[in-house]
Amino acid sequence: MAGHRFGIRRIKCSPHDEFTIASCSYDMSVCIWRTNREDALSMPYEHHSEFVFGIDWNLFRPGEIASASWVSLSLFCVALN
C-alpha cells in the first residue's frame, strides 16, 4: 500500500470503527486508512507545512481527528462521514 513518502511517525486506531486507522508522517501528511477495503487509503491530508508528529481521534465525536506538527500547529478535521 502506498500512502506516505517518508517514514511514519505515529499510527492510531479509531476508537469508533474497527476498520479505520490514521497515520502521520515526516512527509507532512496525515492519512486515513480503511482496512476493510481493497483501496485502503481513504483520505490523505497534506495541510501541514512541517513534520507531523502527533495524531489522535476525538473520543466524543466519531470521525474527528486532530494532528500536530513541529511548528506548534494543531489542526482538526472530520476524517469520516
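What this report covers is the structure whose coordinates are included nearby. Everything quoted here is computed from the prediction, not taken from an experiment.

**Some points on the pairing of strand β3 (residues 30-34)**
Then, number 1: Counting buried residues along β3, 5 of its 5 residues qualify, which places the element largely inside the surrounding structure.
Then, number 2: Of the two faces of β3, both are covered, the one formed by Val 30, Ile 32 and Arg 34 as well as the one formed by Cys 31 and Trp 33.
Then, number 3: Where strand β2 (residues 20-25) folds back on β3, the antiparallel hairpin that results is connected by 4 residues, among which Met 28 adopts a positive phi of roughly 70 degrees.

**Topic: the pattern of salt bridges**
Then, number 1: On inspection of all chains with the given rule, the structure shows 3 salt bridges.
Then, number 2: Residues Arg 61 and Glu 64 are paired through a salt bridge, measuring 3.9 Å at the closest nitrogen-oxygen approach.
Then, number 3: Look at Glu 64 and you get partly exposed, because its relative accessible area is 22%.

**Here we look at the nonpolar core**
Then, number 1: With 9 residues, the main nonpolar core is built from Ala 22, Cys 24, Val 30, Ile 32, Tyr 45, Val 52, Ile 55, Trp 57 and Ile 65.
Then, number 2: Listed by contribution, the elements that provide at least two residues to this core are β2, β3 and β5 (52-57).
Then, number 3: Tallying contributions element by element places β5 first for this core, with 3 residues.
Then, number 4: Residues contacting Cys 24, with those up to four places away along its chain left out, are His 4, Ile 8, Arg 9, Arg 10, Ser 29, Val 30, Val 52, Phe 53, Gly 54 and Ile 55.

**Some thoughts on the side chain of Ser 29**
Then, number 1: Secondary-structure assignment places Ser 29 in the loop between β2 and β3.
Then, number 2: In this structure Ser 29 comes out as buried when scored by relative accessible area, which is 2%.
Then, number 3: For Ser 29, the side chain forms a polar contact with the side chain of Asp 27, separated by 2.6 Å.
Then, number 4: Ignoring sequence-local partners within four residues, the contact set of Ser 29 consists of His 4, Ser 23, Cys 24, Tyr 45, Glu 46 and Val 52.

Parameters at a glance
Residues numbered from 1 in each chain as written. Predicted model: local features only at pLDDT ≥ 70, side-chain atom pairs only at ≥ 80, totals over all residues. Heavy atoms only, no water. Buried < 20%, exposed > 50% of the residue type's maximum accessible area, 1.4 Å probe, protein only. Helix = DSSP H or I, 4+ residues; strand = E, 2+ residues; numbered from the N terminus. Pairing = 2+ DSSP bridges. Salt bridge = Lys/Arg side-chain N within 4 Å of Asp/Glu carboxyl O. Core = buried A, V, L, I, M, F, W, Y, C linked by side-chain atoms within 4.5 Å. Contact = heavy atoms within 4.5 Å. Polar contact = N/O pair within 3.5 Å; in protein donor to acceptor, adjacent residues only side chain to side chain.

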